[in-house]
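A look at the structure
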Amino acid sequence: MQTGADNPWFSWRYLENNWRTLVDLTGQHVSLTVQAVLIALVLAVPLAVLARNRPALSGAVLGSSAVLYTVPSLALFGLLAPFTGIGRTTVLIGLVAYAMLVLVRNTLVGLRGVPASVVDAADGMGYPPVRRLLTVELPLALPAIITGVRLATVTTVALVTVGVVVGYGGLGQAMYRGFTSSYRAEIMTAAVLCVAIALVADLLLLALGRLVTPWLRRRA
Amino acid sequence: MNGGSALGDALVYLNDPLSWTEPGGILDLLRDHLWMTFVAVLLAAAVALPLGLWFGHAGRGGQVVVATANLTRALPTLALLYILTAWLGLGQWPTILSVAVFAVPPILSNTWTGLREVDPAARDAGTGMGMSAARLLRDVELPLALPLIAAGVRTAVVQVVATVSLASLVGGGGLGLIISNGIFTQRYGQALAGALVVVAVCLGLEGLLAALQRMLTPAAMRRGGRRRTRAVSVTDPAPRVTV
């Protein structure tokens, strides 16, 4: 391993020579994250709606999510790799699984937090269940769902890096290469980019969340 | 990929006594794994407990507690692992230190919340009896906050034992080595076997700690204690996914 003097943590030269690779890896990282969170959201919301009225199902959902939480991502990729091989699919399945945990849970919390009186009022006005769900309950659960999406996104950005074990880890790939060649600038640059993606995504979602819940702002 | 034959290979691997007892086999890796877990949790507790007690007792520092949790969420564990390894060199210490960093938030926030949630009447009663601040902390606040603090430590242990698997990616050993070696050499049966062992260890430890916690909680506090540890998981909907 080189000494600190000729192995800096940051190097303009490295950036100049490798910006194209870094842009590619950042793109890979972002697209994996976006895809995973969107798929997880599409699966999680109906699941949470189904689970809401069935205590047995919601117990099973929350219980299995607690179990999956204790399963390390490396082990999950180890479980998947024999069946789905090396590459993007395996990483994506793992990411969707973890993102779903957060989203199902938060959607359930949000739906349960809808005041019974509001549900009664909607029923009294003759809303059929689907309309009640779409126009009353889901909007009221929206803040909890958005919190879940932010959490799932930040977590997913971090998790993508573990994809290196199956050869598809976005910026984790650059970290791994920096590690194998003992080049500090490469590791640090990729790590800083990861944190930057997470923070930017979080801020964007925060803004989006405010945009779609104008009634909360008005009240405040 | 041929998943079926991988499952067969995994069973063969797990059934072979040599895979367990050979030097660098499952038992050796398990010992390293648990050792790193133990040291990391100890380090994290040594930092987080005093801080949480102090902030919680003084009723300050809520922002710090939340900020720590949020910051560590954005930083990938693997990134910190690579950075510390590039800095300190190969071995177990980079892993121990980085997983310890991520174990601080659950202990810190639970200790802080536990102390903040102590019934003000109990605190007033203690002060009224002429207790000093230190005695109030030791005899009133700490015992009442204990269920939550224990829950925080338990979360940290489970998270650390899972995250230590990543040590194999930076030359730190541990059970993750079976998985990553299996994938890198395309022996998927071994990868699958390693994953099963890691999952079993994580779930086993979680179950053990849950039983221990129930045993150590005085019967009178059991229902209240359980309810309170649940309440936390709702206010903090994000036990960190074990990256």
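Residues numbered from 1 in each chain as written. Chains lettered and ligands numbered in written order. Predicted model: local features only at pLDDT ≥ 70, side-chain atom pairs only at ≥ 80, totals over all residues.

With respect to the overall build of chain B
Counting its secondary structure elements, chain B contains eleven helices and zero strands. Going from the N terminus to the C terminus, chain B shows its helices and strands as α-α-α-α-α-α-α-α-α-α-α. The buried share of chain B, taken over its 243 residues, is 47%. Looking at chain B alone, contacts between residues at least 24 apart form 75% of all its contacts between residues at least 6 apart. (Helix = DSSP H or I, 4+ residues; strand = E, 2+ residues; numbered from the N terminus. Buried ≥ 20, exposed ≤ 12 C-beta atoms within 10 Å, placed from the backbone. Contact = placed C-beta atoms within 7 Å.)

Quick notes on the confidence of the model for chain B
Residues and elements named next belong to chain B. Put simply, chain B has an average pLDDT of 86, and 89% of its residues get 70 or more. Mean pLDDT across the elements of chain B ranges from a minimum in helix H11 (residues 222–235), with 44, to a maximum in helix H3 (residues 26–58), with 94. In this model, residues 225–239 is a region of pLDDT below 50 whose contacts with residues beyond four sequence positions or in other chains number 20 contacts. Overall fold confidence for the complex sits at a pTM of 0.86, while the interface term, ipTM, reaches 0.88. (pLDDT = per-residue confidence, 0-100.)

Focus on unusual backbone geometry
Even without being glycine, Ser182 of chain A reaches a positive phi, approximately 50°. Along the chain, the position of Ser182 of chain A falls in the loop between helix H7 (171–180) and helix H8 (184–212). Owing to 14 C-beta atoms within 10 Å, Ser182 of chain A belongs among the partly exposed residues under this scheme. Unusually for a residue other than glycine, Gln186 of chain B sits at a positive phi of about 60°.

Some details on helix H4 (residues 88–112) of chain A
Between its first and last C-alpha atoms H4 of chain A spans 36 Å; for 25 residues at 1.5 Å apiece the expected length is 36 Å, and the two agree. The buried fraction of H4 of chain A is high, at 18 of 25 residues. (Expected span 1.5 Å × (residues − 1).)

So, the environment of Glu206 of chain B
Along the chain, Glu206 of chain B turns up in helix H10 (residues 188–216). Taking the C-beta count within 10 Å as the criterion, Glu206 of chain B has 20 such neighbours and is therefore assigned buried. As a C-alpha pair, Glu206 of chain B and Arg154 of chain B span 52 residues in sequence and 7.7 Å in three-dimensional space. Ignoring anything within four residues of it in the chain, the contact list for Glu206 of chain B reads Thr70 of chain A together with Val158 of chain B.

With respect to the interface of chain A and chain B
The partner chain B presents 43 residues to the 43 residues of chain A that form the contact. When residues of the side of chain A that touches chain B are traced back to their parent elements, those giving at least two are helix H2 (55–70), helix H3 (73–84), H4, helix H6 (129–160), H7 and H8 of chain A. Top contributing element to the side of chain A that touches chain B by residue count: H3 of chain A, with nine residues.

Section: the packing of H3 of chain A against H4 of chain A
Between two packed helices, what matters for the description is the angle formed by their axes and the separation of those axes. Residue and element names in this part refer to chain A. Where H3 contacts H4, the two axes come as close as 9 Å, and the packing angle between them is 135°. Between H3 and H4, the crossing angle belongs to the class labelled oblique. H4 is crossed by H3, and the crossing has right-handed handedness. Here Ser73, Leu76, Phe77, Leu80, Ala81 and Thr84 of H3 lie close against H4, whose contacting residues are Thr89, Thr90, Ile93, Gly94 and Ala97. When its residues are assigned to classes, the contact of H3 with H4 shows six nonpolar, five polar and no charged. (Axes fitted to C-alpha atoms, helices over the stretch in contact; angles between N-to-C directions. Parallel < 35°, antiparallel > 145°, perpendicular 65-115°, else oblique. Left-handed = near helix turned anticlockwise from the far one by under 90°. Nonpolar A, V, L, I, M, F, W, Y, C, P; charged D, E, K, R; others polar.)

Overview of the packing of H3 of chain B against helix H6 (residues 93–116) of chain B
Residues and elements named next belong to chain B. For the pair H3 and H6, the least separation of the axes is 7 Å and the interaxial angle reads 35°. Judged by the sense of rotation from one axis to the other, the crossing of H3 with H6 is right-handed. Partitioning the contact of H3 with H6 into residue classes produces 22 nonpolar, six polar and one charged.

Describing the nonpolar core
With 126 residues, the main nonpolar core has Ala99, Met175 and Cys194 of chain A together with Ala44, Tyr82 and Ala103 of chain B as its most contacted residues. Ignoring sequence-local partners within four residues, the contact set of Tyr82 of chain B consists of Met175, Gly178, Phe179 and Ile187 of chain A together with Val170 of chain B. (Core = buried A, V, L, I, M, F, W, Y, C linked by C-beta atoms within 7 Å.)

Regarding the environment of Ala141 of chain A
Residue and element names in this part refer to chain A. If you trace the backbone, Ala141 turns up in helix H6. Note: C-alpha distance between Ala141 and Ser65 (76 residues apart in sequence) is 20 Å. Every residue in contact with Ala141, bar those within four places of it in the chain, is listed here: Thr107, Gly110, Leu111, Gly113 and Val114.

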